[in-house]
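# An overview of the molecular structure
Each chain, letter by letter, is given below.
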Amino acid sequence: MELKDKFGRKISYLRLAVTDRCNLRCQYCMPSQGIDIVDRKELLSYKEMYRITRILSELGVNKVRLTGGEPFVRKDFVNFLESLSFNDKLNEINITTNGALISNHIDKLEELKINAINLSIDSLKREKFAQITRRDVFENVYDTFEKLEKSNLNLKLNVVVQSGFNTDEIIDFVELSKDKNIAVRFIEEMPFNGKGQRIMEDEWNFNKILNHIKENYPKIEQVSSSKSSTSVNFKIPNYKGNFGIIPAFTRTICNDCNRIRITATGMFKNCLFDGGVFNIRDFIRNGASDEELKELFIKTVHNKPENGFIAEENRGNDVSESMSTIGG
Ligand code: SAM
Ligand code: SF4
């Protein structure tokens, strides 16, 4: 039994949001007052998340990314990581985090053999960082960055390219890959902002970001990436690290998609752009067996939309929910 859609794409990667809560208020993710968080009992429990992951791993999922909201805001998150690490069907456990709360946990993350940490950092300037995240935590995040960089963990930096805010720092971020073995990932901004009413001066899409970088370097090399990678990756010759661009909004990567998502309240999503297919929490709390859940996953994945444009078209309302409720 495996998870395959009608276009022949095999699903092996789960992105699981462990909470909808966050300690920051990034302007592209939510309005300044935050979002309406759900009642705690509506969130999946760790036991439920563990069960979902185990069942999916028996159907061929071998990679999990934990995200949120901010995963480290949820109490006992590190213990949850430890229990997940006992699942020998999982080859990779990765985390996306804003890094403000994790500097004390880095040794433990190494011990648990977490594969990669994606650290979100949209500016290297304290004031700009505070303007974007609406919280003055740059120093904590930068401290985490330095500690992660020295650790054994693979480190990726997530940079959401925001017109009128941080496009002047794109080259500074590329330069970080000169002496450091890190992967910088530029992400196209999407309208998942909890109706934060963002006005973009200019659309910084994949091509614009790439052309901007090309203007600054005489030579860039494309580097290979895994078939289902969300980013197209490049390198400046002789630089230690690399950089990539994620066409999150222009959606040119859907052909090789191997991902499904489960939100913090248990909504199953076949695609980032769909409106949610069914709520796994309700099935679990109504006593569904492992076999019933497996059948549900197999049937649902079969109908995964061909691409993010079709998923968006089918949802019947605008894309406007906060990314912190979906998990990035
Ligand atoms: N709180 C964690 C963090 O910020 O890394 C994990 C959750 S966050 C929703 C996951 C990723 O989604 C982050 O890298 C964030 O920058 C990105 N993200 C959030 N809103 C976005 C948007 N509207 N467009 C593009 N990326 C977005
Ligand atoms: Fe929080 Fe991450 Fe959203 Fe920023 S992007 S508000 S850190 S969930």
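Structure shown above.
Residues numbered from 1 in each chain as written. Chains lettered and ligands numbered in written order. Predicted model: local features only at pLDDT ≥ 70, side-chain atom pairs only at ≥ 80, totals over all residues. Heavy atoms only, no water.

## Digging into the site of ligand 1
Looking at ligand 1, there are 19 residues lining it, with Tyr28, Gly69, Ser120, Asn158 and Met190 nearest. Contacts to ligand 1 include Thr97, whose backbone N or O atom sits 3.2 Å from an oxygen atom. Coverage of ligand 1 by the protein amounts to 96% of the 540 Å² it exposes when considered alone. Of all the secondary structure elements, the ones that give two or more residues to the shell around ligand 1 are strand E3 (92–97), strand E5 (154–161) and strand E6 (183–188). (Near = heavy atom within 4 Å. Polar contact = N/O pair within 3.5 Å; in protein donor to acceptor, adjacent residues only side chain to side chain. Areas by Shrake-Rupley, 256 points an atom, 1.4 Å probe, with all protein chains shown as cover. Helix = DSSP H or I, 4+ residues; strand = E, 2+ residues; numbered from the N terminus.)

## Digging into unusual backbone geometry
Among all residues except glycine, the phi angle is most often negative; among peptide bonds, the trans geometry is most common. Phi at Asp76 is positive, roughly 65°, even though this residue is not glycine. With respect to the secondary-structure elements, Asp76 resides in the loop between strand E2 (63–67) and helix H2 (77–85). You can call Asp76 partly exposed: its relative accessible area is 42%. The phi dihedral of Arg134 is positive, around 60°, even though this residue is not glycine. For Arg134, the location among the structural elements is in the loop between helix H4 (126–133) and helix H5 (138–150). What makes Arg134 partly exposed here is its relative accessible area of 28%. (Buried < 20%, exposed > 50% of the residue type's maximum accessible area, 1.4 Å probe, protein only.)

## A short note on the packing of aromatic side chains
Enumeration over the complete set of coordinates arrives at 15 aromatic pairs. What links up through ring pairs into an aromatic cluster is the set Phe129, Phe138, Tyr142 and Phe145. Of note, Arg74 hangs over the ring of Tyr46, and the distance from its end group to the ring centre comes to 4.7 Å. The ring of Phe309 has Arg251 sitting right over it, with the charged end atom 4.1 Å from the ring centre. (Phe/Tyr/Trp six-rings, centres within 6.5 Å; stacked < 30°, edge-to-face > 60°. Lys NZ or Arg CZ within 6 Å of the ring centre and 35° of its normal.)

## Concerning the packing of helix H1 (residues 46–58) against H2
Between two packed helices, the angle of one axis relative to the other and the distance separating the axes together describe the packing. It is at 11 Å that the axes of H1 and H2 come closest, and there the two elements cross at 25°. Here H1 is positioned roughly parallel relative to H2, judged by the angle of their axes. For the pair H1 and H2, the crossing hand works out as right-handed. Contacts between H1 and H2 pair Tyr46, Met49, Tyr50 and Thr53 from the former with Phe77, Phe80, Ser83 and Leu84 from the latter. (Axes fitted to C-alpha atoms, helices over the stretch in contact; angles between N-to-C directions. Parallel < 35°, antiparallel > 145°, perpendicular 65-115°, else oblique. Left-handed = near helix turned anticlockwise from the far one by under 90°. Contact = heavy atoms within 4.5 Å.)

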